[in-house]
Amino acid sequence: MSSLEISALCKRYGPAVALDGVSLTAGQGELVSLLGPSGCGKTTALRCIAGFIDPDDGDIRANGVSILATPSSKRDFGVVFQNYALFPHLNVAENVGYGLLFRKGSKAERERRVREVLEQVQLVGLEHRLPRELSGGQQQRVALARALVIQPRLLLLDEPLANLDARLRDDVRWLIRDVQQASRTTAFYVTHDQAEAMAISDKIAVMKNGKVAQFASPREIYQRPAERYVASFTGEANFLAAEVERALGGGLFRVRAGGATLDVRGAGPFAGSAVLLARPESLAIVTDGTGQLEGRVVKSVFLGAVQHCEVVLRDGASVRLGTPPDRPLPADGTVSVRLDVDRTWLMPDAVP
Amino acid sequence: MTRRLPRLALGLPAVLLLLVFLILPYAEMITMSFRTSQPGTMHGAGFTADHYRNVMSGGLYLGALARSLLLALFITLACLVVSYPIAWHLSRASGRKALLLYACVASPLMIGVLIRNFGWMIIVNVDGPLNRVLLSLGLIDRPLRLLFTQGLVALALVHVFTPFMVLPINNALRNINPAVIEASRSLGASRFATFWKVILPLSFPGIQPGLILVFVLATAAYVTPALLGGQMVTMMPTLVVQTLVGTFDWPLGATLAVVMATAALIAVVVFSLATQRLMERVRA
Amino acid sequence: MTVASLGSRASRLAGSSLIVLLYAFLLIPLVAVVAASLTAGEFMRLPPEGLSLRWFARFFQRGDLVEALLMSLRIALVSTLVTGIVALMAALASQSLSRRMAVWFQIGMTLPLLIPELLTAIGLLFFLYRIGLGKTVLGLQIGHIVLAFPYCYVSIAAALRQIDPALDDASGSLGASGWQTFRHVTLPLAMPGLVMGAVFAFITSFDLYTVSLLLKPIGGNTLPLALFDFLTYEFSPTAAAAATMSVLLAFAGVAVIQKLVGLQRAF
């Protein structure tokens, strides 16, 4: 159990830059997700932490001590691989007990530890099965157990749910979170699925082209994204071009957007143009005159619990929003849209 | 990085083995072909290009070379004809049947050429089973003397090299997506057209290496002509071995070997270049 | 029944007879050798005149043939051991090469298989003579090692390629050293390929003829050489008995490979 600090990590493969100055910290017992599309460098970062590849530059410190010179076999980090990487010739108990072979302890003690961990991941009774005789979910639990049994200082998970079907994914995700919290193990979790990252993490690092675009709590990432890329990667997002008129103080700014003048939240300073984020849930079609925006519904889709609409605002920008499915839309499509100003977020329109 | 270096070093013994005992011997062979001959010893002290002049102008040698190349070509094509149906049949089989068929194709590969040739000797012997069957059927009135004929040499060589052709073609056929064949049929192509337009081109990645391998090996096959061909026909490989262990003229023997290897290599390069475009198109 | 379906039935029948004929073509010489060796009669006749193992007994009474057999077995055994170790090391090394480099490395390692045995034998004849190993058992042994090596390498390299590289990382992250990973993970997983390579190397070496002819030591003979000489002056079932041993060895090899890896993956 330890804290981990990554600073200015760089890794190049020929002309391709996989990591470009990545800095992150994970406090003791925290679960940090590395979120991003494929090729963003998240797996490279994880493999650097695990010690499978050496970074070209930067440092990784566990409890304040650099571990770059330590080979992966001496780092005491448990790794859960995307395809599980179970040893095909060893049964479940042997797979889980593998890491204990290289640590002190009697055979009886090893067996006790293995039993303990198998109970924790609910695999008791399958000790003598070979990996190929297990379902995907069971294999995943073995992989988790194998990483946990060595009581790692750090748990590293590389897309652990990617090969499971949707139904199993939730179960295993809860299991991972439970055992991680129970053992208070610091963990890094690589995923491309924003919902997964939101659900499981204490902190999320959204990555883009080898850089960390934003590193913050799931709430902050979703509600106060640092840039357009982060906002669109973490959920449905409408972006409105905004002209900033002035700062009102207290984190409020007066902008012109969507053909209206609005007072919105943001983290300035801004000069001139900016981008206004309006998640679909911050928009609503209203008839009581409280709408600040006007537009026309150009498309609507019935989805059962909700009806999705696309509305073109007066200045030509289009936004998507949800309305209750039983509410009829006006025949000519002209609607008034209310923007919940407290749930909007103003961002710079270009990131240096 | 730190782990890669010692790992690469593990390859050193193998590289050394092949460098010293394969590459250097070839260099030695080429050097030898330029040495002077000296009766009574393996070679003389000086260097000369006379052997090449001698070989290239001598009808005996060029004739043997041409015969060897032609025979190799014939054997290669015959192997293709024999192998394709087997490979096709093998590629369609599955389960225990496939296993048995694989064993049938692979077993000859694991038995020495000499022994397989010997089997043919037993079969075509003057009082062997083939002659007796033909006699009793009344197809012939005197036993055929097949031993020590070029026909038997060719037959035995086709038998020796067929597995080398079957296995790569089988692999290529197995790599063809069956849906492609169904698509061809659904678009109105006949079985024949589907074979000709789809299956045959797509199996070329197996055919090409098979043809090359069999041609090269057949050009320089020594045992079969020596055992089954007797003194009847002079083939390049038998000529080379006679020169080396019979007359001990090493420089001349080396020259003959180099000429044979070069001729086969040129044929292979020309064939590869000619089929390069097809290969590029059909390679997965 | 329509004319068309009759036609397709006829063509299918023709097709399957053709297949049967072709397989028969592959197997008949082998059957002939084994059958001829089992005859109880005095001559090499097919079908055999009664069954007996007397020609095998006769084979073992012939000192020259037995000596040749022992020499072949000895050389094949050493070839197997040396190629097994060297090929395993080379295959492990090839894993840390880039994809492109690994392809070239593989071509290099299989060169003795891709170029005719006769040419390699001639080169070795000259070279071994130059370094003073001409006409020695060691020289012959070296020739066998070079020619058996590719079979061994291909089998082992294929087995290693089947192993998920993540297993190496997994083992390392769990605390295993490089050697421990090799012992607990790589070696057990590569074992079938290793055994297959050994079988190939042994059989290849046991059956080599041309290279033995050119490199054989004075007074020494391998079984194929002895068999060839024997055949040129005596066409008796003793030769068939000698040949049958080679056939049996091959079938044992095929059976071992099938048991360990499955033939489909092997070839």
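Residues numbered from 1 in each chain as written. Chains lettered and ligands numbered in written order. Predicted model: local features only at pLDDT ≥ 70, side-chain atom pairs only at ≥ 80, totals over all residues. Heavy atoms only, no water.

Draft legend 1. Region of the structure containing the pairing of strand β12 (residues 252-257) of chain A. Residues and elements named next belong to chain A. With burial as the criterion, only one face of β12 is covered, namely that bearing F253, V255 and A257; the residues L252, R254 and R256 on the opposite face remain uncovered. In this structure, strand β11 (residues 238-249) lies alongside β12, joined through six bridges in antiparallel fashion. Within β12, the position partnered with V244 by the bridge is V255. Taking the residues that link successive antiparallel strands as the turn, the β11-β12 hairpin has two residues, and the phi of G250 there is positive, at about 65°. Of the strand pairs in this sheet, β12 and strand β13 (residues 260-265) are connected by six bridges, and their pairing is antiparallel. (Buried < 20%, exposed > 50% of the residue type's maximum accessible area, 1.4 Å probe, protein only. Helix = DSSP H or I, 4+ residues; strand = E, 2+ residues; numbered from the N terminus. Pairing = 2+ DSSP bridges.)

Draft legend 2. Main features of the nonpolar core. Residues L144(A), F188(A) and F161(B) are the most contacted members of the largest nonpolar core, which totals 246 residues. Leave out the neighbours within four places in its chain, and F161(B) touches I75(B), C79(B), V214(B), L217(B), A218(B) and A221(B). (Core = buried A, V, L, I, M, F, W, Y, C linked by side-chain atoms within 4.5 Å. Contact = heavy atoms within 4.5 Å.)

Draft legend 3. Representation of the sheet that holds strand β15 (residues 283-286) of chain A in the model. All names here are of chain A. Judged by pairing direction, the sheet is antiparallel, and its five strands sit side by side in the order β15-β19-β16-β17-β18 without closing on themselves. This sheet does not close on itself; its edge strands, each paired only once, are β15 and β18 (318-323). Sheet twist, expressed as the mean angle between neighbouring strand axes with direction ignored, is 45°. When strand β16 (residues 293-302) meets strand β19 (residues 334-339), the two strands line up antiparallel, connected through four bridges. Paired with R296 across the strands is T334, a residue of β19. (Axes fitted to C-alpha atoms, helices over the stretch in contact; angles between N-to-C directions.)

Draft legend 4. Main features of the pattern of salt bridges. Residue and element names in this part refer to chain A. Applying the stated rule across the entire model yields 25 salt bridges over all chains. One salt bridge in this structure joins K42 and E159, with 3.7 Å as the shortest N-O distance. Here the residue K42 occupies a position in helix α1 (residues 42-50), and E159 occupies one in the loop between β7 (154-158) and α5 (166-183), the gap between them amounting to 117 residues. In the salt-bridge network here, residues are joined through shared partners; they are E5, D59 and R61. (Salt bridge = Lys/Arg side-chain N within 4 Å of Asp/Glu carboxyl O.)

Draft legend 5. How the structure looks around the side chain of S83(B). Residues and elements named next belong to chain B. Positionally, S83 belongs in helix α4 (residues 59-92). Given a relative accessible area of 0%, S83 falls into the buried group. In terms of polar contacts, S83 uses its side chain to reach the backbone carbonyl oxygen of T162, at 3.5 Å. (Polar contact = N/O pair within 3.5 Å; in protein donor to acceptor, adjacent residues only side chain to side chain.)

Draft legend 6. Structural view of the confidence of the model for chain C. Residues and elements named next belong to chain C. Considering every residue of chain C, the mean pLDDT works out to 86; 94% of them sit at 70 or more. Ranking the elements of chain C by mean pLDDT puts helix α13 (residues 263-266) last with 60 and helix α3 (residues 63-94) first with 93. The ipTM for the predicted assembly is 0.85, set against a pTM of 0.81. (pLDDT = per-residue confidence, 0-100.)

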